[in-house]
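Given next are the chains, with one letter for each unit.
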Amino acid sequence: MTTRPTGSARQAFYEQIRALSMTPLWESLSTLVPHTPNGPCVPALWRWHDVLPYIEQAGTLITAEEAVRRVLVLENPALPGQSSITQSLYAGLQLILPGEVAPAHRHVQSALRFIVHGRGAYTAVDGERTTMFPGDFVITPGWTWHDHGNDGLDGHSEPVVWLDGLDIPMIRFFDAGFEEKSAARSQQVSRPEGNALARYGHNLLPVDYTPGSPTSPIFNYPYARTREVLDQLYRDGETDAWHGVKLRYVNPVTGGWPMPTLATFMQFLPAGFTGKPYRSTDGSVFSVVEGRGCVVVDGQRFVFGPKDHFVVPSWKSFTLHADEDAVLFSFSDRPVQSALNILREEKLDA
Ligand code: GTQ
């Protein structure tokens, strides 16, 4: 009879090789190469009603200037301290008060702004300002100078809050982060407001235009137009049983995603809509623009209303339900998963 090594012999062996910074694969193989995605993220909901008082309080504790960006980060409850809402995505709610400026800087990370509350704030990208309205989707491409401010609108001004979506965890993963502060507080404006949308946002392009970046040259996709399209397609009967009327934002130059690392979507769920279960490997962050309803993730129910935010982690199957006509914005890391050829999605029939 051969004697087999005991468990304690293996443990002693593991101890010995640990000193050489080695570890036995066979103890972790099934976790490292899981049968199905086994990430730590959990679904979570941030209700506007709960969050707003703290956003307001942050406004009394620090200025936008001192904070540089006055943001309350939405952290996945399973990833405390990591400033991540999923393993690859960052989300936060940024507040800018009347008269404030969030100073100009640039960084490798790409950012999207989705306007949640208030009017009269602007963001400036590459010499052009855009005034942001609730429901607008605004892009800050990687490595472009950007500053934000709140000058008010027609003599009226109010606090403005938007959702920041960034690829911070992806850039951290690649250890590829760079940042620069501008000497100027705000950047010089060199093009009139609306110029980029006029050039690139009408199924036309300036005749000699050649793309200089993988990011969409449109940097504000106004809600007024998005909403109109959703409405017409709904009237035209184009409601999907899983997604309702769901559209993806597009880079008009390439037909691809508006940003190299982030995909963005807008969908309409008619009152009474009950979606079929869906799952995909790109976890998604949702911002509720209009209406009330609920999302059921792996049997867990989250009731949502306007200005609420929620996250659905990778490969969790979920259904969407609308009590009232509802409009949901969402973003994910889909462009990266598609580029790596690892994206999977499933429309389930249960
Ligand atoms: O507006 O530049 O929420 O650099 C996090 C990092 C916003 C921004 C964030 C940033 C910004």
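Residues numbered from 1 in each chain as written. Predicted model: local features only at pLDDT ≥ 70, side-chain atom pairs only at ≥ 80, totals over all residues. Heavy atoms only, no water.

## Here we look at the environment of Val285
Turning to its location among the elements, Val285 is positioned in strand E16 (residues 284-290). Setting aside residues up to four positions removed in sequence, Val285 forms contacts with Ile85, Leu89, Ala91, Phe310, Val311, Phe329, Ser330 and Phe331. (Helix = DSSP H or I, 4+ residues; strand = E, 2+ residues; numbered from the N terminus. Contact = heavy atoms within 4.5 Å.)

## Describing the pattern of salt bridges
Applying the stated criterion to the full structure yields 17 salt bridges. A salt bridge links Lys181 to Glu179; the nearest nitrogen and oxygen atoms lie 3.2 Å apart. Taking relative accessible area as the criterion, Lys181 reaches 63% and is therefore assigned exposed. A relative accessible area of 38% places Glu179 in the partly exposed class. (Salt bridge = Lys/Arg side-chain N within 4 Å of Asp/Glu carboxyl O. Buried < 20%, exposed > 50% of the residue type's maximum accessible area, 1.4 Å probe, protein only.)

## Some words on the site of the ligand
In the vicinity of the ligand, the contacting residues are Arg69, Val71, Tyr90, Gln94, His105, His107, Arg113, His146, His148, Asp164 and Leu166. In this structure, an oxygen atom belonging to the ligand sits 2.8 Å away from a side-chain N or O atom of His107. One nitrogen or oxygen atom from the side chain of His148 is found 3.0 Å from an oxygen atom belonging to the ligand. Against a free-state accessible area of 290 Å², the protein chains account for coverage of 89% of the ligand. Secondary-structure elements contributing two or more residues to the shell around the ligand are strand E3 (90-96), strand E4 (101-107), strand E9 (146-150) and strand E10 (160-166). Looking at the shell around the ligand residue by residue, the classes come out as three nonpolar, five polar and three charged. (Near = heavy atom within 4 Å. Polar contact = N/O pair within 3.5 Å; in protein donor to acceptor, adjacent residues only side chain to side chain. Areas by Shrake-Rupley, 256 points an atom, 1.4 Å probe, with all protein chains shown as cover. Nonpolar A, V, L, I, M, F, W, Y, C, P; charged D, E, K, R; others polar.)

## Describing the sheet that holds strand E5 (residues 111-117)
Read from one edge to the other, the open sheet built from six strands follows the order E2-E3-E10-E5-E8-E12, with strand pairing classed as antiparallel. The sheet terminates laterally at strand E2 (71-73) and strand E12 (220-221), the two strands that pair on one side only. Across four bridges, the pairing between E5 and strand E8 (residues 137-140) is antiparallel. Counted as the bridge partner of Leu112 is Ile139 from E8. Here helix H3 (residues 48-61) sits on the sheet and contacts E2, E3, E5 and E10; the angle it forms with E3, its principal contact strand, is near 55°. (Pairing = 2+ DSSP bridges. Axes fitted to C-alpha atoms, helices over the stretch in contact; angles between N-to-C directions.)

The analysis is restricted to geometry; functional conclusions fall outside its scope.
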